[in-house]
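# Chains, contacts and geometry: an overview
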Amino acid sequence: MIIKTAEFVVSNSDVNKCPETTLPEYAFIGRSNVGKSSLINAITNRKSLAKTSGRPGKTQLINHFLINKEWYLVDLPGYGYAKVSKGTKKKFQSFITKYFEKRIQLINAFVLVDVRHEPQKIDMDFMSWLGEKQLPFSIVFTKADKLKPKPLNENINNYLSIMRETWAELPNYFVTSSSSGQGTGELLNYIQDTNDEIERLKKEQNPFQP
Ligand code: GDP
């Protein structure tokens, strides 16, 4: 997929104020500092579409970006930042939960995890919750450039084998680096293929629609 346009549309903390649209939507979420802003900038080929975090926990809003006027990229707040208060955490959880429960045009959530780390409870819990809600997601390993090929593969295999203990079927996954661009093409191809499939199904269901 070639990114022709990437426009910021709106930020808010209320799912009811998210853009009224039927365009497919893809959300990006993960722990603060996982490399989410960098990845969003890398895949959209923009230097600062998403703000990279000088101050973790700062971007606590649902941010909608319209890509190629065809789909929405949604930058969700980073979770698990220790320094926000319990009250803030609760508020955060409730509006993110509502986002996932209500946003029917959400096609897939990309759950970002730092490939250098062992599986973290907060990510595992979040993925389990998505699974319970039957919300499709993919794992996106970030910062692949920080490891040599052997430890990189070992970490990924370790992560997947721990996932296998609780999941009958593994989600698909991407290995990415915002620094080298690794995996960004695959991620965009996946979005393109999914969008094409949605279009195909729409036509099949409604062949007389233009
Ligand atoms: P966010 O809080 O999840 O949005 O994370 P950021 O995108 O702000 O990244 C957090 C830190 O990790 C920054 O210092 C980035 O420069 C660094 N970083 C992010 N992605 C990569 C990557 O792919 N490779 C390397 N080497 N550093 C990265």
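The rules behind the values
- Residues numbered from 1 in each chain as written.
- Predicted model: local features only at pLDDT ≥ 70, side-chain atom pairs only at ≥ 80, totals over all residues.
- Heavy atoms only, no water.
- Helix = DSSP H or I, 4+ residues; strand = E, 2+ residues; numbered from the N terminus.
- Buried < 20%, exposed > 50% of the residue type's maximum accessible area, 1.4 Å probe, protein only.
- Contact = heavy atoms within 4.5 Å.
- Areas by Shrake-Rupley, 256 points an atom, 1.4 Å probe, with all protein chains shown as cover.
- Pairing = 2+ DSSP bridges.
- Salt bridge = Lys/Arg side-chain N within 4 Å of Asp/Glu carboxyl O.
- Axes fitted to C-alpha atoms, helices over the stretch in contact; angles between N-to-C directions.
- Parallel < 35°, antiparallel > 145°, perpendicular 65-115°, else oblique.
- Nonpolar A, V, L, I, M, F, W, Y, C, P; charged D, E, K, R; others polar.
- Near = heavy atom within 4 Å.
- Polar contact = N/O pair within 3.5 Å; in protein donor to acceptor, adjacent residues only side chain to side chain.

### A word on the overall build of the protein chain
The number of helices and strands found in the protein chain is five helices and seven strands. Of the regular secondary structure in the protein chain, the N- to C-terminal order runs β-β-α-β-β-α-β-α-β-α-β-α. Buried positions account for 44% of the 210 residues belonging to the protein chain. Residue pairs at least 24 apart in sequence account for 76% of intrachain contacts in the protein chain once pairs closer than 6 positions are excluded. Carbon and sulfur atoms provide 51% of the accessible area of the protein chain, an area that totals close to 11700 Å².

### Points about the pairing of strand β2 (residues 25-30)
Most of β2 sits inside the fold, with six of its six residues counted as buried. A two-sided burial pattern is seen for β2, the buried positions comprising E25, A27 and I29 on one face and Y26, F28 and G30 on the other. One ladder, built from four bridges, connects β2 with strand β4 (residues 71-75); its direction is parallel. Pairing of E25 across the sheet is with Y72, part of β4. Bridging between β2 and strand β5 (residues 106-114) involves six bridges; their strand directions are parallel.

### So, the pattern of salt bridges
With the rule as written, the count across this model stands at 11 salt bridges. Across the pair R103 and E25 runs a salt bridge, and its minimum N-O distance is 2.9 Å. With a gap of 78 residues between them, R103 in the loop between α2 (86-102) and β5 and E25 in strand β2 connect regions that are remote in the sequence. For R103, a relative accessible area of 8% puts it in the buried group. According to the relative accessible area criterion, E25 is buried, its value standing at 0%.

### Quick word on the packing of helix α1 (residues 36-44) against helix α5 (residues 184-205)
Following both chains from N to C, one finds α1 and α5 inclined at 75°, their axes separated by 9 Å at the closest point. With respect to α5, the element α1 is oriented roughly perpendicular. Note on element contacts: α5 touches α1 through T184, L187 and L188, opposite L39, A42 and I43. Considering only residue class, the contact of α1 with α5 consists of five nonpolar, one polar and no charged.

### Focus: the sheet that holds strand β1 (residues 6-12)
In space, the seven strands of this open sheet follow the order β1-β3-β4-β2-β5-β6-β7, with mixed pairing throughout. In this open sheet, the two strands that pair with only one neighbour each are β1 and β7 (173-175). Neighbouring strand axes in the sheet, compared pairwise and without regard to direction, differ in orientation by 25° on average. Relative to strand β6 (residues 137-142), β5 runs parallel, the two sharing six bridges.

### Thoughts on the site of the ligand
In the neighbourhood of the ligand, 15 residues make up the surrounding shell, with N33, S37, S38, D145 and S178 lying closest. In this structure, G35 approaches the ligand through a main-chain N or O atom, which is 3.0 Å from an oxygen atom. With respect to the ligand, the backbone of S178 contributes an N or O atom lying 2.8 Å from an oxygen atom. Protein contact buries 75% of the 580 Å² of open area that the ligand shows by itself. Counted by class, the shell around the ligand contains one nonpolar, 10 polar and four charged residues.

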